[in-house]
Amino acid sequence: MTPTQPPKAARYSMPAAKMELMNPIRIAPLKGTLRKPGLPLEIISTILEYLPIQDLCRFARVSKQLQEMVYDDSRWVHKLKLMGVWNETEARRRFEDAMRRRRAMQAAKAAEEKKALQNGVKTLNAGMAGGPSAPGVSRSSTLFDAGEEENRAQVQREASMRRAELDAKRRTVAGTITDGIDLMHLAPLTPVDIPRPSMADPDSLLKVLPSVKSIRGFAKHEFGRIYAALGPLYFDLAKAKTHTDPVVFRIYRDPEQQAQILAQLKVFAQCDTAHGWMDRLERLNLMIGIFENAALREFEGGYETGDIDGRMKRYAGVLILLNGGQACVQLFVQKHPVMFERGELGNPMDSFELEHFLPLGKPMPGSFSLEPSSLFFTRLSALLNEQADVIDRVFPATVNVMIPFLERVAEDVISEFVTPILDEAHDRDIEQYLKAVAGIYHQLLDFAKTIKKIKGSGVRFPEEMMKIMGRVFEAHVDLYLQDELDFFRKKCETEVDSWEKKILEEDAATESFFMSNINREADKRDFLSTFKKVILMPVSVIPSPFAAKPAAAAAETKSTESSPYANSNTLSVQEIPDTSRPGTPMTPGQATPGPPPTTELAAKAAIMNSRLEGIRSLFSLEVALNLVHSAKSSLERAALFTGAGGQTGEEAREQCEQIFIALLQVLGPRHVKAGFDKAVEHLSKYNPREITEHTQSGVAPLVTFLELVNVGDLIQQMIDVFYEQELVAAKLTDPKDFLNPAAKEKKRFEQMLDERVAAGLNMGIDVLIDEVDHLFAITQQTTDFNPGAIGDTGLRDFDIGPTKTAIQVIEVVSSHTKLLTGSTDKNVLDVFNQEVGIRLFASLCKHIKRQRISVDGAIKLISDLNHYHAYITTLKIKPLVPYFNALRELSQIYLIDPSHAKQMATVIADPNRFGGIFRVEEVYEYATRREDWYRVKKEVERAMYGIGCCIC
Amino acid sequence: MANDEYDVIVLIGDSGVGKSNLLSRFTRNEFNLDSKSTIGVEFATRSIQVDTKTIKAQIWDTAGQERYRAITSAYYRGAVGALLVYDISKQITYDNVTRWLKELRDHADNNIVIMLVGNKSDLRHLRAVPTDDAKNFAAENHLSFIETSALDSTNVELAFQTILTEIYRIVSSKALDGGDQHQVSQPGSSQPLHITPTAENATKDTGCC
């Protein structure tokens, strides 16, 4: 064979040879030159895969080329891989190590060769010659290295061989049959140069598979070692008729060893691709089965007699060695007494038992109790922890017995206990069912926490545990979540419905109330501050117990006699969330710790009552609180399941969002929107002329509406806090996900509120300005701006403050705009104020045009306008200022003495003076409102248009 | 309407010298650091005691800014006293005093009592107008003079007190003389007070044209 050929042959026998098949041009010359007409090398190579090992060896003897083919390393690597003992990474690592060594060596060799060349000596590396592949100088470096590796292995092997032979000799003396069998079966099969040390020592055989090394170019020898060890036993076993026949059972008496060798044989069988492998495998499996059964019987025997540390432990070990011990784990779990004795742990119906003992046998739906189930879980927990000890003793740490065991317990015991309870509860009452589901689930989780961790359970034990427990409830969760949502929705709707019905009945009364309410406007602002103190504060300061406090504040509306102020004080002191239903009237006893109500407080309380009474006909804070509260309890129950993880957790989370959405839907469109619509309707019907009393600075429906905005804002804040606390903080929803349905619904709710507020404000501005116009019309006296009109000419008023009308108008406007402060969005408020300002300006202009103003009266008018201007500056809205500046400028024209017509003309004709607010014609129009206009008109016009000059 | 006897005092001077704050300090005892410039005119009243008599003062705070005071003549109508205010820390406001004085002589009553007020005396470290200069100037022009600070209310009360007292003395002496009705502000005599200059001005105007 030429030195160039071996690589080629090697390439063709590689598993990748199929790729080469695709290239007929390269194959053709080989066929023609090297072989007589016959099978192509690739096919031969493939056929070789199916030859039994001994045939393979014989085949190798045919020719060098065929030997090459048979000896090819990849063939053996493949076989090792079949057995799963070839470690590619290890092989690579070794290869790389070798490469490094080789490079170092090559450098050394290069130097040496140079010297050798000089000496004219041609020598080969002696170590290399010993390699199986007969390496030459021109060999590829890889093979050279394999040879190197081989060398070292060879040395080791020889050493172990010698040792083994010594052992064998000793054994022969002992007269065991091992050697006989060895000779009988192995002699023809194994290549002569491969020693058979393994058979000599049955103990070392037991470890033949784990001791395999993954070295490239060395797989044949590793395989040979395995084959020598396990081959004979395997074929012997395959031929055996009964379980007593095989040598295996005779060599190894110890069940552990037997198990070990059988497990190895099972692995070894994987590489048996020769004819009849199926029969052999079947036989092997049969034998293993027989052995396993026997071991299991022993284990069971141990189990029944309670021989934990003895037989149980031993045979568990045996079975684990054999095939991981699943069989005995199964047996342990299946046979466990806890499965059959679950009746002793507790009767599921105990939870309902209470009702039978109730007087007169009238079953109460509320008599469900969580006590028995709690007892059940305690007992079960104790039992399981006891079993955990047993498991710890019987099984080694490598086998996870606790999880399958718990799975079984969960399935057979817990499920069997829980399901009847839940079914029964579901049949009885939905609310009870909901409570039962959440309660028992909670207990279950607590129970899960009490289970001890054993050494075999691994780090992920708690998670596994939760998963198992979650599975118990899987069947119930869907139904539960659906029921929870339905129940909540229904509850909300009934709440709102009943409230609506109540309001409908009271409607007539509230209508009249609107009219009478007007008398108490003076204290409105006072009330609002109180309102803010009492209701707003607790919400913003202490967010979590929100359910209790504003509710109580709302509840105060009911208890007229007790002091609401005192009530609220007490409540803000006790910060425990009230678990009882909110909105129930506080008993006077609870109210006593507060400061005794003074007359002022009592007055405030009366106002508050009446005020909230008015709002109540529109929508009720109390109802909103009730809804939020029940949403909270529903959410809390449902949120338990989000901890279950996986699909169930996800569903529970979604359902929580659904509950929140349902809350918003009921609270928003059904409740708040209707209230706002009604308020806006009231507003639109308002006509200041129809109301006789205008002494106080308020427009009743507008005030109602504005307070409604406050309450709406309060509800919105509450919802926000609720969202943050219950959903975001509990990780039930992702606030950053703008597509999230809950976030979307919340936004929609806020938007709805804003829209309603905006619509109402729009209407409110109309109403407010109507009121202002009305005030102008009825309160402004002719003498205000024209003191000489009546005839008492000589006198001028010393008090040059603004007129009553101006003061009143400002009071009306400011009291209403102030009501809004803080209750609605800053931007909305600004727009509102700006609109009010501009409309006020327009009204003022109209008003001035209706007046007659004398020079003396101008002082009054200027004072008025200064007053308006001062108010507008407090609003801090820039765009409004020029309007009122212009008004002030304008007012100056009335101050000009009639004799200074020219000056007047300059002012009128100067558009810059008014910042573009008034045009010249407009100013002229205002000038005509002068009391003495007809006297000065000519002069002014002459000065303005210069006509007079020409005539003159 | 019952109390028809009062004196009108105008506050004049450059923009930003502190007229509005002098007024608010005197009438409401308030001071506003970031007050806006006055538009047109603002009014305030206060009564003070001179000797045994209560004098009511109606004070007109006029705009200092040129653009806000085209109708200057209207502001001086019926005024018996004027506080001509400048800022002691700003020379230019003092320089303008002559212009203001001229305006007063042009538009106001001849007998008007004028007081030169150097405001912002709290800004000692920024002083630009020496007290003596102002004092001399006042003496030359027969004006009273005082330095005030609306911020720390130094002399504010005194300034108004002084000018009102002076007005009172003049009025009462005139009344004793029983002479010139035109210059005297007497009960019920306010009407003639403003009719006279009106007539004068009107004839002047027509004459011009």
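All values derive from a computational prediction rather than experimental measurement. (Residues numbered from 1 in each chain as written. Chains lettered and ligands numbered in written order. Predicted model: local features only at pLDDT ≥ 70, side-chain atom pairs only at ≥ 80, totals over all residues. Heavy atoms only, no water.)

*Asks:* I tried to follow the overall build of chain B on my own but got confused; where do I start?
*Replies:* Helix and strand counts for chain B come out as seven helices and six strands. Going residue by residue from the N terminus, the α and β elements of chain B occur as β-α-β-β-α-β-α-α-β-α-β-α-α. Taking all 209 residues of chain B together, 50% fall into the buried category. For chain B, the share of sequence-separated contacts (at least 6 apart) that also reach a separation of at least 24 residues comes to 71%. Total accessible area on chain B stands at roughly 9700 Å², and carbon and sulfur atoms take up 50% of it. (Helix = DSSP H or I, 4+ residues; strand = E, 2+ residues; numbered from the N terminus. Buried < 20%, exposed > 50% of the residue type's maximum accessible area, 1.4 Å probe, protein only. Contact = heavy atoms within 4.5 Å. Areas by Shrake-Rupley, 256 points an atom, 1.4 Å probe, with all protein chains shown as cover.)

*Asks:* Looking at this model, I keep getting lost on the nonpolar core. Mind explaining?
*Replies:* Side chains of nonpolar character tend, in soluble globular proteins, to be buried together. Grouped together as the largest cluster of nonpolar side chains are 250 residues, with contacts concentrated most on Phe332, Phe395, Phe473 and Phe918 of chain A. By residue number, the principal contributor to this core is helix 26 (residues 461–517) of chain A, which donates 16 residues. Those residues within four positions of Phe395 of chain A in sequence are excluded, and the remaining contacts are Phe299, Ala316, Ile320, Cys328, Val329, Phe332 and Val401 of chain A. Ranked by size, the runner-up nonpolar core spans 27 residues in total, among them Ile9, Val17, Leu83 and Val113 of chain B. (Core = buried A, V, L, I, M, F, W, Y, C linked by side-chain atoms within 4.5 Å.)

*Asks:* It is not clear to me how the confidence of the model for chain A should be interpreted in this structure. Could you clarify?
*Replies:* Detailed reading of the predicted model is not advised wherever pLDDT is low. Residues and elements named next belong to chain A. Averaged over every residue, the pLDDT of chain A is 68; residues scoring 70 or more account for 64%. Note on residues 170–200: pLDDT is under 50 here. Beyond four places in sequence and across chains, it has 41 contacts. In this model, residues 354–365 is a region of pLDDT below 50 whose contacts with residues beyond four sequence positions or in other chains number nine contacts. (pLDDT = per-residue confidence, 0-100.)

*Asks:* Please explain helix 23 (residues 371–394) of chain A as it appears in this structure.
*Replies:* Along an α-helix, residues three or four positions apart point the same way, because every turn accommodates 3.6 residues. The end-to-end C-alpha distance of helix 23 of chain A is 35 Å, a good match for the 34 Å that 24 residues give at a rise of 1.5 Å each. All buried positions along helix 23 of chain A are accounted for by Ser373, Phe376, Phe377, Leu380, Ser381, Leu384, Asn385, Gln387, Ala388, Val390, Ile391 and Val394 of chain A. (Expected span 1.5 Å × (residues − 1).)

*Asks:* I keep staring at unusual backbone geometry and nothing clicks. Help me out?
*Replies:* Negative phi characterises most residues that are not glycine, and trans characterises most peptide bonds. Although it is not a glycine, Lys876 of chain A sits at a positive phi angle of roughly 60°. With respect to the element layout, Lys876 of chain A can be found in the loop between helix 39 (855–875) and helix 40 (881–891). By relative accessible area, which is 75% here, Lys876 of chain A ends up exposed. The backbone of Asp51 of chain B shows a phi angle near 55°, a positive value even though the residue is not glycine. You can see Asp51 of chain B is positioned in the loop between strand 2 (41–50) and strand 3 (53–62).

*Asks:* Mind showing me how you'd approach the environment of Glu681 of chain A here?
*Replies:* Residue and element names in this part refer to chain A. With respect to the helices and strands, the residue Glu681 is situated in helix 33 (residues 646–685). Residue Glu681 is classed as partly exposed on the basis of its relative accessible area, which comes to 41%. Along the chain, Glu681 and Pro701 lie 20 residues apart, while their C-alpha atoms are 9.3 Å from each other.

*Asks:* What exactly am I supposed to notice about the sheet that holds strand 2 of chain B here?
*Replies:* Sheets are built from strands paired through backbone hydrogen bonds, the pairs being either parallel or antiparallel. Taken together, six strands build an open sheet; the order of strands is 2-3-1-4-5-6 (chain B) and the sheet is mixed. In the strand order of this sheet, the two ends are held by strand 2 and strand 6 (144–147) of chain B, each with one partner. Taking each pair of neighbouring strands and ignoring which way they run, the sheet shows an average axis angle of 25°. Here ten bridges tie strand 2 of chain B to strand 3 of chain B, and the two strands are oriented antiparallel to one another. Bridge pairing in strand 3 of chain B links Val41 of chain B to Thr62 of chain B. Where helix 39 of chain A meets the sheet, it contacts strand 2 and strand 3 of chain B, and its direction lies at approximately 110° from that of strand 2 of chain B. (Pairing = 2+ DSSP bridges. Axes fitted to C-alpha atoms, helices over the stretch in contact; angles between N-to-C directions.)

*Asks:* Got a minute to help me understand the pattern of salt bridges in this structure?
*Replies:* When charged atoms on two side chains of opposite charge get close, those side chains can pair. By the definition in use, this model includes 20 salt bridges over all chains. Measuring nitrogen to oxygen at the nearest pair gives 2.4 Å for the salt bridge that ties Glu42 of chain B to Arg888 of chain A. Residue Glu42 of chain B is located in strand 2, and its partner Arg888 of chain A is located in helix 40; the two belong to separate chains. For Glu42 of chain B, a relative accessible area of 26% translates into the label partly exposed. For Arg888 of chain A, a relative accessible area of 4% gives the class buried. Here the salt bridges do not stand alone but share partners, grouping Asp766, Glu835 and Arg839 of chain A into one network. (Salt bridge = Lys/Arg side-chain N within 4 Å of Asp/Glu carboxyl O.)

*Asks:* For this particular structure, what's the right way to read helix 43 (residues 933–945) of chain A?
*Replies:* Residue and element names in this part refer to chain A. Its 13 residues give helix 43 an end-to-end C-alpha distance of 17 Å, which sits within 8% of 18 Å, the value for a rise of 1.5 Å per residue. Of all the bends in helix 43, the greatest measures close to 25° and is centred on Glu939. By the burial criterion, the buried members of helix 43 are Trp933, Val936, Val940 and Met944. Buried positions along helix 43 lie against helix 41 (901–908) and helix 42 (920–927). (Bend = angle between axes of the 7 residues up to and from the residue.)

*Asks:* What exactly am I supposed to notice about the packing of aromatic side chains here?
*Replies:* We describe a pair of aromatic rings using the distance from one ring centre to the other and the angle between the two ring planes. According to the stated counting rule, one finds eleven aromatic pairs over all chains in the structure shown. With a centroid separation of 6.0 Å and an interplanar angle of 65°, the aromatic rings of Phe841 of chain A and Phe884 of chain A are classed as edge-to-face. On the criterion of sequence distance, the pair formed by Phe841 of chain A in helix 38 (residues 826–850) and Phe884 of chain A in helix 40 is long-range, its members being 43 residues apart. Take Phe841 of chain A and Phe884 of chain A: they sit in the same class, and that class is buried. With a centroid separation of 5.1 Å and an interplanar angle of 80°, the aromatic rings of Phe43 of chain B and Trp60 of chain B are classed as edge-to-face. Of the two residues, Phe43 of chain B sits in strand 2 while Trp60 of chain B sits in strand 3, which places them 17 residues apart along the sequence. When sorted by exposure, Phe43 of chain B lands in the same class as Trp60 of chain B, which is buried. Linked through ring pairs, Phe841, Tyr883, Phe884, Phe914, Phe918 and Tyr926 of chain A together constitute an aromatic cluster. Over the ring of Phe26 of chain B we find Arg46 of chain B; its NZ or CZ atom is 4.4 Å from the centre of that ring. (Phe/Tyr/Trp six-rings, centres within 6.5 Å; stacked < 30°, edge-to-face > 60°. Lys NZ or Arg CZ within 6 Å of the ring centre and 35° of its normal.)

*Asks:* Looking at this structure, I do not really get the environment of Asp236 of chain A. What am I missing?
*Replies:* Residue and element names in this part refer to chain A. Note on placement: Asp236 falls in helix 14 (residues 219–239). Note on Asp236: relative accessible area 18%, which makes it buried. Residues Asp236 and Arg280, spaced 44 residues apart in sequence, show a C-alpha to C-alpha distance of 9.7 Å.

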